[in-house]
Amino acid sequence: MKAASAALLSAVLGLLIKRHNPEGALLLGAICALGILTASLGILDGFSSLRKLFRQSFGGEAEGLLSPVLKCLAISIVSRFSAESCRDASQNAAASAVEFAGAACSLGVVLPLLVSVLKTLGGLG
């Protein structure tokens, strides 16, 4: 609710400011989004218990399994935020490029995990 309220307030203020100062409206939106993202980081504390569970279940391989997934999630959040900021600035081509780069980076991060899973599945047969 707090995030939605802050975003709505930022949108209304942005519309009021946009007529006279479009750059200020864009900056206001970016600052609001960054503030909401920062405040939302506390929700990710639940991942510490997931990491402990992975360490207990998989031992030393836990970081190798969980790390690519968390990196992929971070890449997704950053690329989505960046692309939407570009769209707010009417830079659709840049937004598409950011989304493509995010997808390529995510694939690059997850590829070693996929190779490991395929090797494991190959060893089972």
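Presented here is an overview of the structure given in this document. (Residues numbered from 1 in each chain as written. Predicted model: local features only at pLDDT ≥ 70, side-chain atom pairs only at ≥ 80, totals over all residues. Heavy atoms only, no water.)

Some details on the overall build of the protein chain
Secondary structure summary: the protein chain contains five helices and zero strands in total. The order of helices and strands in the protein chain, counted from the N terminus, is α-α-α-α-α. Principal-axis analysis of the C-alpha atoms places the extent of the protein chain at approximately 65 × 30 × 15 Å. Counting all 125 residues of the protein chain, 13% fall into the buried class. Contacts in the protein chain between residues far apart in sequence, at least 24 positions, make up 47% of those at least 6 positions apart. Charge centroids of the protein chain, computed over 10 positive and 7 negative side chains, lie 3 Å from each other. (Helix = DSSP H or I, 4+ residues; strand = E, 2+ residues; numbered from the N terminus. Buried < 20%, exposed > 50% of the residue type's maximum accessible area, 1.4 Å probe, protein only. Contact = heavy atoms within 4.5 Å. Lys, Arg positive; Asp, Glu negative; His and termini not counted. Charge placed at Lys NZ, Arg CZ, Asp CG, Glu CD.)

Details of the packing of helix 1 (residues 2-18) against helix 2 (residues 22-40)
Closest axis-to-axis distance for the helix 1/helix 2 pair is 8 Å, and the angle between their directions is 175°. By the angle between their axes, helix 1 is roughly antiparallel relative to helix 2. The residues of helix 2 that touch helix 1, namely those facing Ala-3, Ala-6, Ala-7, Ser-10, Leu-13, Gly-14, Ile-17 and Lys-18, are Pro-22, Gly-24, Ala-25, Leu-28, Gly-29, Cys-32 and Ile-36. Looking at the contact of helix 1 with helix 2, its residues break down into 10 nonpolar, four polar and one charged. (Axes fitted to C-alpha atoms, helices over the stretch in contact; angles between N-to-C directions. Parallel < 35°, antiparallel > 145°, perpendicular 65-115°, else oblique. Nonpolar A, V, L, I, M, F, W, Y, C, P; charged D, E, K, R; others polar.)

Side note on the environment of Gly-29
Here Gly-29 shows up in helix 2. Separated by 18 residues in sequence, Gly-29 and Ala-11 have C-alpha atoms that sit 7.1 Å apart.

What about the side chain of Ser-10?
Relative to the helices and strands, Ser-10 resides in helix 1. Those residues in contact with Ser-10 that sit more than four places away from it in its chain are Leu-28, Gly-29 and Cys-32.

Re helix 5 (residues 92-124)
In this model helix 5 runs 47 Å from its N-terminal to its C-terminal C-alpha over 33 residues, within 8% of the 48 Å that 1.5 Å per residue would give. The axis of helix 5 is deflected most strongly, by about 40°, at Val-110, and proline Pro-112 appears within four residues downstream. Every buried residue of helix 5 is listed here: Ala-95, Gly-102, Ser-106 and Leu-113. (Expected span 1.5 Å × (residues − 1). Bend = angle between axes of the 7 residues up to and from the residue.)

Focus: the pattern of salt bridges
Throughout the structure, instances matching the rule amount to three salt bridges. The partner of Glu-84 in a salt bridge is Arg-80, with the nearest N and O atoms 3.8 Å apart. Of this pair, Glu-84 and Arg-80 are both found in helix 4 (residues 62-88), four residues apart, which corresponds to roughly one turn of the helix. The exposure class assigned to Glu-84 is partly exposed, which follows from its relative accessible area of 32%. Exposure remark for Arg-80: the relative accessible area of 55% places this residue in the exposed category. The shortest N-O distance in the salt bridge between Arg-87 and Glu-84 comes to 3.3 Å. Placement of both Arg-87 and Glu-84 in helix 4 is noted, with a separation of three residues, approximately one turn of the helix. (Salt bridge = Lys/Arg side-chain N within 4 Å of Asp/Glu carboxyl O.)

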